[in-house]
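# Geometric and topological summary
What follows is the residue order along each chain.
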Amino acid sequence: MRNVLCWTPSEVRQVINPFAEHISDGVFRAVHSDWELRVTGPVGKSFQEIGDAAWSNLSPAEFLADFLREDRPHALAVILGETGSGKSHLVHWMRLHLRDDDQRMLLVVRKSGTSLRAIVRDLIGRLPVDQQQSFLDTFNAAGDGLMSRDARKHELLNHLAQAIREDQPRREADELEAELLDSLPHLIQDPYMRQAHFLGDGGVIGEIVDHIFAESNAKDRPERRRDFAVNDLALGGLDFVHATKLAKDALELIDLDPATNTSLAIEIINRNLDRAVARTLSFSGDRIEELMMRLRAHLKAQGKELVLLVEEFARLQGIDRALLQAITAQGDDRQCRMRTAIAVTTGFFASVAETAYMRTTHIVDMDQSAGRSEGQGVTPRALSEFAARYLNAARLGRERIGNWSEGAAPGEAAPSVCPNCPHVSTCHATFGEVDGYGLYPFTERALTNLASRVDRSMPASFNPRILQNDLLVEVLDNFAPDIEAGAYPSPRLLEKVGGAKLPVSVESALQAKDAQAAPRWIAALEIYDGTGRIVELPRRFREVFSIPPIPDALAPTTPSTPSAPVITPGQGQPRTVNPDDEAIESWIRGGLLNERVAVRLRDLLFPAIADAIDWDMLGMARADFAGGAGAFKRTSISFVRQSTRASSRAGVQMEIAADAKTGTALQGLLRAAQDQFRWHFEGGDRALAAFLDCLDGWSAEVVRQLRHLVAPTPRWNQAAGALQLLCVAAAIGGKIKADATAADIIDAVFDGLPSDPAASTRDLRNLFAKLSREREHLVGVVRAQASSLKGGRAGAMLDPLRALSPVRALRASKWHLDLDPGDNVDKVATLYREVAMNLSAAVVAERDVRLTWLADMEAAFGSSTPRAAIIAALDDARQQTFDAGISTENTRRALVEALDRFKTTQYDDAIAAARQLARLEDPVAALPQFGRGRANAVEAGTALRQVATQFLDAVERNLEQDGVGQSAGAADVARSLESLEKDLGAIVEDLTALTMQGEPSRVA
């Protein structure tokens, strides 16, 4: 037996149809499983009051017998459950066990293949002919077949608007509800609003019109009531432009508080939908109650009872509440006894009126019934029984099922195909069987494992439709080619049912054994074993599916042990689950990585990766590139699907991928970290090997990015760029002489910078300030990449070959920054681009200010006036006034202090530097010259002139007051002061003119 298909894949969906009402009675009998039903009667006054103790377990036959008890004046069974839980299946089963005969009339409302109008028409048709006409007259007022679908939608909207007009505010309602009742009809009847919101295809109005008039099919079979939702009333935008005034009033009212008012508007619309539907149907709730009363009276006269089976109560929307009122009325001497079973969603039933709830006789919870046996939870045996009948039906095919069904006795089981198969012995021994129906290509354990994957409610409950759609049909149809090709179970199937869930260490170990066979092994172990261990599957099982043996696997398990528990992902053979392991496994499988675990991993990975890098070989200083302000830091490490955003500030960005080997490595790292980084735990050798492999890759990626950050190109080298920027800063700061050698320049670069440069213009001073702020970083880059390394640390001396070349290149370019950082965005490249772009303009502006100042100085004092001459003249005037006893009104001390400051300035040096600048065509080439002189020369000169002026004014006033102007001594003083005032006045004029140019106080 190898790669066998004992069914026809193209016919699978004809037999395994999840919609019970769409399969033939023969197929239904062939696949039906008798599960115990969870049944109770009403408790208290509402469904919510039912407690666990109220429920009892009944077989379907026991439930039906209780439903048909003769001593019941009426029966109302409500069959509850979510979509796919088997509600319609139970109603279908009841229909097969009830007959329309002399004792009862059987009415069945199918879930699909009918319309609300057809249902009402059928009810009318059950009356005697002479009683039908008045109902038909009312019914035919709807104009069957005479109106288009669009016209029906308009009609429904008209009836809805009118129903809202007739509505009254609830007793507890406020003014808002009354205002909405007045304004909503205008909104619904507005032509623009209808076209924009209500008449479109796929909208709720179109669905309700189809519900009333069109036969439903499997695609639009109702699972719930069709009501307005928030999306159906998504108002705003152009609505305020195009709507009529009355409709705008409704829009504005809703827009006052959209969240609250939209919900209230939807509640008002939905509570009036039933009346609108009934009027569109042209058959009101009152007429429904009257019709049912007439029918029951007619049957009473015939001595019959009425049994109504409704496969989906939502099928009756519009008349459902009126019909519910009619069917809860007990039989009496005028009306026949009525037994009703309705399939309904739990939400709708929880909302029914107290009266209807109290008259319920049976409440069946299908959510808690499917897959249960003898009061237990969902069991592997029950799942196998369910699947076995479908598997057998798929092998029989629809035609053979039909032939069997024609002569089958009630309750007779469908014949098994297996006894006639040549592989039956091997197949049943390997895969198991239930009542003679083979489970191939599944086993009991595989079914429970797969059911737990496709149905998230397992094992607490079980949804038959999910198992049919997402498991049986998938494997028997879509994956049949894999079985034939010897590729089953495939990784594609595993991915389809939720992906691998094995511990990542196990998955990694399987890949290490054989990377090509590992995907098949993983799929087989996940589906057919589920213990989370590397277990050798039975030989015959492997041969059937052409699966190679797993080297060094544990002893094989029996895949179809009847007593095997439901194996949910992560269960099976008990294993201790470490929270960290669980978090990493969840991440590997596609989930988010827990941030707590991510932080711990970063703290462990960062030093490990940094230690793994050969910094000497890399030619970088670890302290400058790893940690702190370096390009590689803890925040450089991020993880795929981490729960927080990755940092974008680090120069190195390394994202760790989520795969099996990585998971094994990270799990092992966390475990080893708890025991002083000893890897002495189960699977530690594999985890260490995985970690070392990953560490090689991670460190190589960090090295690659670091090299990219600093990698020299024909036009850029980070260390060279940093060194040239340091040279420019030293030149502007006055640390480099014009005739300095390359060695002198390098010494000056690392000798520190002055806090205040000689530059006076804003642009050049700003460039100097930026370079000063980044000096420490620039020095670090140079030392990290251009110094002699030892043990990954920067040495005390620069490597001459790395340092001299950039300095010589800068001198050869006449101090122009000619390197091209390209699109590099690191700090050095960004700063280099900015300085290179602005240096020339800044230097030109500085030169122009200095040359203007030089011209003014030479015009005022001549081409050779030294600082000493100014100082001597003021000292002489101070001394003469003192000797003559002339009062200076306390200005003498200020003059002395100003002279002391002026004496410390580099006034003459600034003049000389300015004269040299005047002789150069390229000012950048003379960059070191801009560091000569001191800006305090102008500041001190300006202060000196102000104090000297006050001094001279005071002397003149006192000479005139004392009348000493005619004495010989006073005349000498006056002449000295006149000459001094003339000279200083010229200086002050020059200084004042400079003050009007860019920050003259900074002219050197």
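To keep things clear, this report deals only with the structure shown in the data block. Predicted model, so just to flag it, every value in this text is computed and none were measured.

## Regarding the packing of helix 21 (residues 444-454) against helix 22 (residues 464-478)
One can describe the packing of helix 21 onto helix 22 by two numbers: an axis separation of 10 Å at closest approach and a directional angle of 105°. Taken together, the axes of helix 21 and helix 22 lie roughly perpendicular to each other. Of helix 22, the residues touching helix 21 (which contributes Leu447, Leu450, Ala451 and Val454) are Ile466, Leu467, Asp470 and Leu471. Of the residues contributing to the contact of helix 21 with helix 22, the split by class is seven nonpolar, no polar and one charged.

## Some words on the packing of aromatic side chains
One pass over the structure, following the stated rule, counts 23 aromatic pairs. For the ring pair phenylalanine 691 and tryptophan 698, a centre distance of 6.3 Å and an interplane angle of 70° mean the geometry is edge-to-face. Grouping residues by exposure puts phenylalanine 691 and tryptophan 698 together as buried. Grouped by ring-pair contacts, the aromatic residues Trp7, Phe431, Tyr440, Tyr488, Tyr528, Phe541 and Phe545 constitute a single cluster. When the ring centre of phenylalanine 139 is taken as origin, the NZ or CZ atom of arginine 117, which lies over that ring, is 3.9 Å away. Looking at arginine 152, its charged tip hangs above the ring of phenylalanine 213, at a distance of 3.9 Å from the centre.

## What to know about the sheet that holds strand 6 (residues 338-344)
The seven strands lie next to each other as 2-1-7-3-6-5-4, forming an open sheet whose pairing is mixed. The two strands at the open ends of the sheet, each matched to only one other strand, are strand 2 (56-58) and strand 4 (104-109). Neighbour-to-neighbour, the strand axes of the sheet open up by a mean angle of 20°, direction not taken into account. The sheet contact formed by strand 4 and strand 5 (residues 305-310) spans six bridges and is parallel. Its bridge partner being in strand 5, leucine 107 is matched across the sheet by leucine 308. Helix 4 (residues 87-96) contacts strand 1 (37-40), strand 3 (74-80), strand 4, strand 5, strand 6 and strand 7 (362-365) of the sheet and is inclined by roughly 145° relative to strand 3. Relative to the sheet, helix 15 (residues 285-302) contacts strand 4, strand 5 and strand 6, its axis offset from that of strand 5 by approximately 135°.

## Let's talk about the pairing of strand 5
Burial analysis of strand 5 places six of its six residues in the buried class, which makes it a mostly covered element. By the alternation rule, side chains of strand 5 split into Glu305, Val307 and Leu309 and Leu306, Leu308 and Val310, which are all buried. Note that the unit made of strand 5, helix 16 (residues 320-327) and strand 6 has a crossover that is right-handed.

## A few points about the environment of leucine 5
For leucine 5, the location among the structural elements is in the segment before helix 1 (12-15). Using a relative accessible area of 22% as the deciding quantity, one classes leucine 5 as partly exposed. For leucine 5, the residues in contact, after removing those within four places along its chain, are Ala480, Ile483 and Glu484.

## Thoughts on the packing of helix 15 against helix 16
Interaxial distance between helix 15 and helix 16 falls to 8 Å at its minimum, and their mutual angle equals 35°. Handedness of the helix 15/helix 16 crossing: right-handed. For the pair helix 15 and helix 16, contact is made by Gly285, Ile288, Glu289, Met292 and Arg296 and by Ala322, Leu323, Gln325 and Ala326, respectively. Split by residue class, the contact of helix 15 with helix 16 holds five nonpolar, two polar and two charged.

Reading guide: rules and limits
- Residues numbered from 1 in each chain as written.
- Predicted model: local features only at pLDDT ≥ 70, side-chain atom pairs only at ≥ 80, totals over all residues.
- Heavy atoms only, no water.
- Axes fitted to C-alpha atoms, helices over the stretch in contact; angles between N-to-C directions.
- Helix = DSSP H or I, 4+ residues; strand = E, 2+ residues; numbered from the N terminus.
- Parallel < 35°, antiparallel > 145°, perpendicular 65-115°, else oblique.
- Contact = heavy atoms within 4.5 Å.
- Nonpolar A, V, L, I, M, F, W, Y, C, P; charged D, E, K, R; others polar.
- Phe/Tyr/Trp six-rings, centres within 6.5 Å; stacked < 30°, edge-to-face > 60°.
- Buried < 20%, exposed > 50% of the residue type's maximum accessible area, 1.4 Å probe, protein only.
- Lys NZ or Arg CZ within 6 Å of the ring centre and 35° of its normal.
- Pairing = 2+ DSSP bridges.
- Right-handed = clockwise from strand over helix to strand, strands pointing away.
- Left-handed = near helix turned anticlockwise from the far one by under 90°.

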